[in-house]
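The primary structure of each chain is shown beneath.
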Amino acid sequence: MTIRQLSLFLENRPGQLKVPCKVLGDAGIDILTMSLADTQQFGILRLVVKDWERAKKALEAAGIVVNVTDVLAIDVPDRPGGLASVLEAFEKAGLGVEYMYALDAGRERGKFATLVFRLGDPEKAARLLREAGVRLLGAEELFARAGA
């Protein structure tokens, strides 16, 4: 039930974000979602793409170091307090959030918003969250919903 995410380190200087985007574009690989966190020296670009293996090969061929991480795509009720209810399930299961970011996967306003979460043990987290009634999306459903 996990989704493969690519993480890249980029120097924190103009033009660096364009490089992996161009490499993937030239390879015909669409980026479903991304997150960029930075410090003074470097940034971490996190990407979810449909064909992560081909994306990884294309990026590495361009000299970019790529790390593959398992993350969870979770449907969060799209209402006030919806995220708090999901985070309560995390807390009850003893799960800490390393980071999260939004994903626009063809959501229906007023029903669910999809968020990507990185948790310490994604497989265990997926099991515990399913038991708590939290809706997780598998890769196929996620990409189908997004039209990718």
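Residues numbered from 1 in each chain as written. Predicted model: local features only at pLDDT ≥ 70, side-chain atom pairs only at ≥ 80, totals over all residues. Heavy atoms only, no water.

Helices and strands together make up the secondary structure of the protein chain, namely five helices and seven strands. Element order for the protein chain, N to C, with α for helix and β for strand: β-α-β-β-α-β-α-β-β-α-β-α. Taking 15 Å as the expected radius of gyration for a compact globule of 148 residues, we find that the protein chain reaches 16 Å, a close match to that expectation. A sequence separation of at least 24 residues applies to 69% of the contacts in the protein chain between residues at least 6 apart. When the accessible surface of the protein chain is summed, it comes to about 8,200 Å², and 50% of that surface belongs to carbon and sulfur atoms. Taking the average location of the 20 positive side-chain charges in the protein chain and that of its 20 negative ones, the two points are 1 Å from each other. (Helix = DSSP H or I, 4+ residues; strand = E, 2+ residues; numbered from the N terminus. Rg over C-alpha atoms; globule rule 2.2 N^0.38 Å. Contact = heavy atoms within 4.5 Å. Areas by Shrake-Rupley, 256 points an atom, 1.4 Å probe, with all protein chains shown as cover. Lys, Arg positive; Asp, Glu negative; His and termini not counted. Charge placed at Lys NZ, Arg CZ, Asp CG, Glu CD.)

On to the side chain of Ser35. As for its position among the elements, Ser35 is in strand E2 (residues 31–38). Ser35 gets classed as buried once you look at its relative accessible area, which sits at 18%. When neighbours within four sequence positions are excluded, Ser35 is seen to be in contact with Ile44, Leu45, Arg46 and Tyr101. (Buried < 20%, exposed > 50% of the residue type's maximum accessible area, 1.4 Å probe, protein only.)

Moving on, we get to the packing of helix H1 (residues 18–26) against helix H2 (residues 52–61). It is the contact of H1 with H2, at a shortest axis distance of 9 Å, that shows an interaxial angle of 125°. In terms of orientation, H1 and H2 fall into the oblique class. As for the relative orientation of H1 and H2, their crossing is right-handed in sense. In contact with Pro20, Val23 and Leu24 of H1, H2 contributes Ala55, Ala58 and Leu59. (Axes fitted to C-alpha atoms, helices over the stretch in contact; angles between N-to-C directions. Parallel < 35°, antiparallel > 145°, perpendicular 65-115°, else oblique. Left-handed = near helix turned anticlockwise from the far one by under 90°.)

Within this structure, the stated rule accounts for twelve salt bridges. Here Arg135 and Asp75 are joined by a salt bridge, their closest N and O atoms 3.3 Å apart. With a gap of 60 residues between them, Arg135 in strand E7 (residues 135–137) and Asp75 in strand E4 (residues 66–77) connect regions that are remote in the sequence. For Arg135, a relative accessible area of 34% translates into the label partly exposed. Measuring nitrogen to oxygen at the nearest pair gives 3.7 Å for the salt bridge that ties Glu131 to Arg127. You can see Glu131 and its partner Arg127 sitting in helix H4 (residues 122–131), four residues apart, about one turn around the helix. (Salt bridge = Lys/Arg side-chain N within 4 Å of Asp/Glu carboxyl O.)

Here Ala93 is to be found in the loop between helix H3 (82–92) and strand E5 (97–103). With 44 residues separating them in the primary sequence, Ala93 and Leu137 have C-alpha atoms 19 Å apart.

A word on the confidence of the model for the protein chain. For any part of a model where pLDDT is low, the fine detail of the predicted coordinates should not be relied upon. This prediction gives the protein chain a mean pLDDT of 88; 95% of its residues lie at or above 70. Averaged over each element, pLDDT in the protein chain is lowest for helix H5 (residues 139–146) (82) and highest for H2 (97). (pLDDT = per-residue confidence, 0-100.)

Turning next to the pairing of E4. Relative to E4, strand E1 (residues 3–11) runs antiparallel, the two being bridged by six bridges. Across the sheet, Ile3 pairs through a bridge with Val71, a residue of E4. As paired elements, E4 and strand E6 (residues 112–119) share six bridges and run antiparallel to each other. Note that in E6 the partner of Leu72 across the bridge is Phe117. Bridge analysis of E4 against E7 gives three bridges, and the strand direction is antiparallel. Directly across from Ala73, in E7, lies its bridge partner Leu137. (Pairing = 2+ DSSP bridges.)

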